[in-house]
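Structural description and commentary
Spelled out from the first residue to the last, the chains are:
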Amino acid sequence: MADGGVAVRGGNEEAQVSSATAANKNDVVLFRDAVRSLPPELLQDLLSNGVCTHCILRLFSLHEQACSRPSMEIPILSAILRELAEHEVDGANTSVRETEDLIGVEYVNEVCRVCRGILQFMYNDDKGMLVKKNHACDFAAGIRDAVKQEGHQFDSFSLEVSLPLTVVEDEQAIWSYITKKYSSESWFTEKFPSVSITVKDFLKLSVTNPLKILLGVKSDESSFRIHLIYTLSDASDKNQSIHESNGCYKRRKIDDTNILKKCADLQKIEGHELTRNSSAECRDDEIGSLTFPLEKVNQCCSLVFQCFKTSIHVGGRYLKYSRNVSQSRWIIDDERMGEASVEEIIGNNILPICQGDSYKFHAAGREDIDVRMLGTGRPFLVEVQNARTFPSDVLIKEIEMKINSLESKLVRVKNLKFLGSQGWEMMREGEAEKQKQYAALVWISRPIEDDDLQKLTSLKDMQILQKTPIRVLHRRSPLEREKTIHWIKIERIAGKPQYFLLHLCTQAGTYIKEFVHGDLGRTHPSVGSILGCRAEILQLDVTDVKMDCFQA
């Protein structure tokens, strides 16, 4: 994580983002002129009650005065507001310092009672050490350093912020307090806006532009997210935060480390509506129940920087030549079933190239461990989570060659492609209507006759009913499914009158083994019931998965 006091350095950076100690005199003069119209009585009230400079500016919708000058030091801004309040209230008895005297003003250690140090760029790092940044550029430099440590490749970023629920509630409290106490003042309607910017939005406005300069990329709805997670250790905060995503907040527990996981309990709180409704809905008899002035705050928020990228996909088709390889990793009582898995053979070769945290394997259906996948192969996706690099076409080809040259020769891949975040669309196209072709070695309890061949091969688009097979009832719901057998072809085996090769094309999801032997009547009709004898399947191969994706 970033440490405190990170300076902004570098040739181009110094030309674009000035350091904190070289605050432009003209900026100070312009800022002083902009805030001169603030009501001194309210200004002094807020300052005396521990409200920071940036919170005051956002309450009066003067956030642009600070956000457009990200290198201006917070102590300077605070000194200007304090002198303005004292000078206007006491009259001409209090002198205003010259601009030169403001440079080098010491940092005020008092933590804001509203934002809990967030807009003062104060926070406790992951080691519990207090970090203070004098201005937005310095804070952005700390984010930049944290991002670079993660080693991501990106050409744009999206900034997200999670706030403690307490901060949002305190925003509401101060808004209600000001409205009730000062709404009768002559200046109130003119100078106090009907809505104000939230702490979260002020922080994003302050930091985004300096961060764009420091990272050298644009800011948009990017797949690369920079996430600032603020938390409080206070028991009153109940370990809850407000998480921003797509313009709304999500309430969730802070200990949820999977930042991409959807929250089950969502509460949308629009920033502007929060302040507007809180003032409009307060009644006169509620003024005594308001929680402002807030209690003095001794500890600022803790901050964690997290960088993550939405999942990318590498897809293609795989062929499985072994009858002892499962599709996914299969462990029972700490004992591996089969000698390997398709998932591990493919995924373990893709993950290191993408430098991701983990991967998930997805396929268009699955075959049993003792079933081979032949022909054109089965479409699959490897979803790489938080990938730091995007593999080039050359690297993708190298991965394909590496998998196909493995000594075991258990699995082969073809038509491997990098799909970014668009892989699911390709997999889903036509998935519901896909057909599969099979070749099965079948034994029946009597010699096969010509009439048997005619009965089977004449069947076209035959509907069958299949109850969940007995062999999978322990893990599948007991349902009855209607499936279609599109066509059947029979191939005799010379010298083996009770054996034949069954070639068939079926609707996806058909249980082929059960269609042959009938599963004690749970699949009807079946090969056994059509021929009027016992039928058993000895070997099964998938020979084609008819989907358009990942074709040569």
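Values in this document were obtained by computation on a predicted structure and should not be read as measured data. (Residues numbered from 1 in each chain as written. Predicted model: local features only at pLDDT ≥ 70, side-chain atom pairs only at ≥ 80, totals over all residues. Heavy atoms only, no water.)

**Considerations on the side chain of Ser156**
Relative to the elements of secondary structure, Ser156 occurs in strand β3 (residues 156–164). In terms of polar contacts, Ser156 uses its side chain to reach the side chain of Asp220, at 3.1 Å. Residues in contact with Ser156, not counting those within four places in the same chain, are Val217, Lys218, Asp220, Ser222 and Phe224. (Helix = DSSP H or I, 4+ residues; strand = E, 2+ residues; numbered from the N terminus. Polar contact = N/O pair within 3.5 Å; in protein donor to acceptor, adjacent residues only side chain to side chain. Contact = heavy atoms within 4.5 Å.)

**Brief notes about the pattern of salt bridges**
Taken as a whole and assessed by the stated rule, the structure comprises 26 salt bridges. The partner of Asp368 in a salt bridge is Lys513, and the shortest N-O contact between them spans 3.0 Å. Of this pair, Asp368 sits in the loop between β14 (358–363) and β15 (372–385) while Lys513 sits in helix α17 (residues 512–517); the two residues are 145 residues apart in sequence, bridging distant segments of the chain. On the accessibility criterion, Asp368 (24% relative accessible area) is partly exposed. The exposure class of Lys513 is buried, given its relative accessible area of 15%. Several salt bridges converge on common partners, so that one network encompasses Asp368, Asp370, Arg471, Lys513 and Glu514. (Salt bridge = Lys/Arg side-chain N within 4 Å of Asp/Glu carboxyl O. Buried < 20%, exposed > 50% of the residue type's maximum accessible area, 1.4 Å probe, protein only.)

**Notes on the nonpolar core**
Where a protein is soluble and globular, its nonpolar side chains tend to be buried together. By size, the foremost hydrophobic cluster in this structure holds 74 residues, and its most contacted members are Ile118, Phe139, Ile178, Leu203, Ile226, Leu228 and Tyr230. Ranked by size, the runner-up nonpolar core spans 61 residues in total, among them Leu419, Tyr438, Ile490 and Leu502. (Core = buried A, V, L, I, M, F, W, Y, C linked by side-chain atoms within 4.5 Å.)

**Things to note about the environment of Met122**
Structurally, Met122 is set in strand β1 (residues 122–124). Residue classification places Met122 among the buried positions, given a relative accessible area of 1%. Sequence separation between Met122 and Cys300 is 178 residues, and the spatial gap between their C-alpha atoms is 6.8 Å.

**Comments concerning helix α2 (residues 25–35)**
Among the residues of α2, those classed as buried are Val28, Phe31, Arg32 and Val35. Taken down its axis, α2 places every buried residue within 100° of arc, on the same side. (Arc of directions from axis to C-beta.)

**Things to note about a nonpolar patch on the surface**
Taken together, Ile470, Leu473 and Leu520 make up a surface patch of nonpolar side chains, about 310 Å² in accessible area. Its place among the elements puts Leu520 in the loop between α17 and β21 (523–524). (Patch = residues over 30% accessible without salt bridge, like charges linked within 9 Å, V, L, I, M, F, W, Y side chains within 5 Å. Areas by Shrake-Rupley, 256 points an atom, 1.4 Å probe, with all protein chains shown as cover.)

**A few points about the packing of helix α8 (residues 136–150) against helix α11 (residues 199–215)**
Running from N to C, α8 and α11 point in directions that differ by 60°, and their axes come no closer than 8 Å. With respect to α11, the element α8 is oriented oblique. Where α8 crosses over α11, the handedness of that crossing is right-handed. On the side of α8, the interface is formed by Ala136, Cys137, Phe139, Ala140, Ala141, Ile143, Arg144 and Val147, while α11 contributes Leu203, Ser206, Val207, Pro210, Leu211, Leu214 and Leu215. Looking at side-chain class alone, the contact of α8 with α11 contains 13 nonpolar, one polar and one charged residues. (Axes fitted to C-alpha atoms, helices over the stretch in contact; angles between N-to-C directions. Parallel < 35°, antiparallel > 145°, perpendicular 65-115°, else oblique. Left-handed = near helix turned anticlockwise from the far one by under 90°. Nonpolar A, V, L, I, M, F, W, Y, C, P; charged D, E, K, R; others polar.)

**A short note on the confidence of the model for the protein chain**
Detailed reading of predicted coordinates is not advised where the pLDDT is low. The predicted model of the protein chain averages 81 in pLDDT, with 79% of residues at 70 or higher. Scored below 50 in pLDDT, residues 92–96 shows six contacts in the model against residues more than four places distant or in partner chains. Within the model, pLDDT remains below 50 along residues 99–105, and this stretch shows 18 contacts once partners closer than five positions in the same chain are excluded. (pLDDT = per-residue confidence, 0-100.)

**Observations concerning the packing of aromatic side chains**
Within the structure shown, the criterion is met by 14 aromatic pairs. A ring pair is formed by Tyr318 and Phe361, whose centres lie 6.2 Å apart and whose planes are at 50°; its orientation type is tilted. Of this pair, Tyr318 sits in strand β9 (residues 312–320) while Phe361 is found in strand β14, placing the two residues 43 residues apart along the sequence. Residue Tyr318 is classed as buried on the basis of its relative accessible area of 0%. When its relative accessible area of 13% is taken as the criterion, Phe361 is described as buried. Ring pairs connect the aromatic residues Phe60, Trp175, Tyr182, Trp187, Phe188 and Phe192, which therefore count as one cluster. If you follow Lys309 out to its NZ or CZ, it ends over the ring of Phe390, 4.4 Å from the centre. (Phe/Tyr/Trp six-rings, centres within 6.5 Å; stacked < 30°, edge-to-face > 60°. Lys NZ or Arg CZ within 6 Å of the ring centre and 35° of its normal.)

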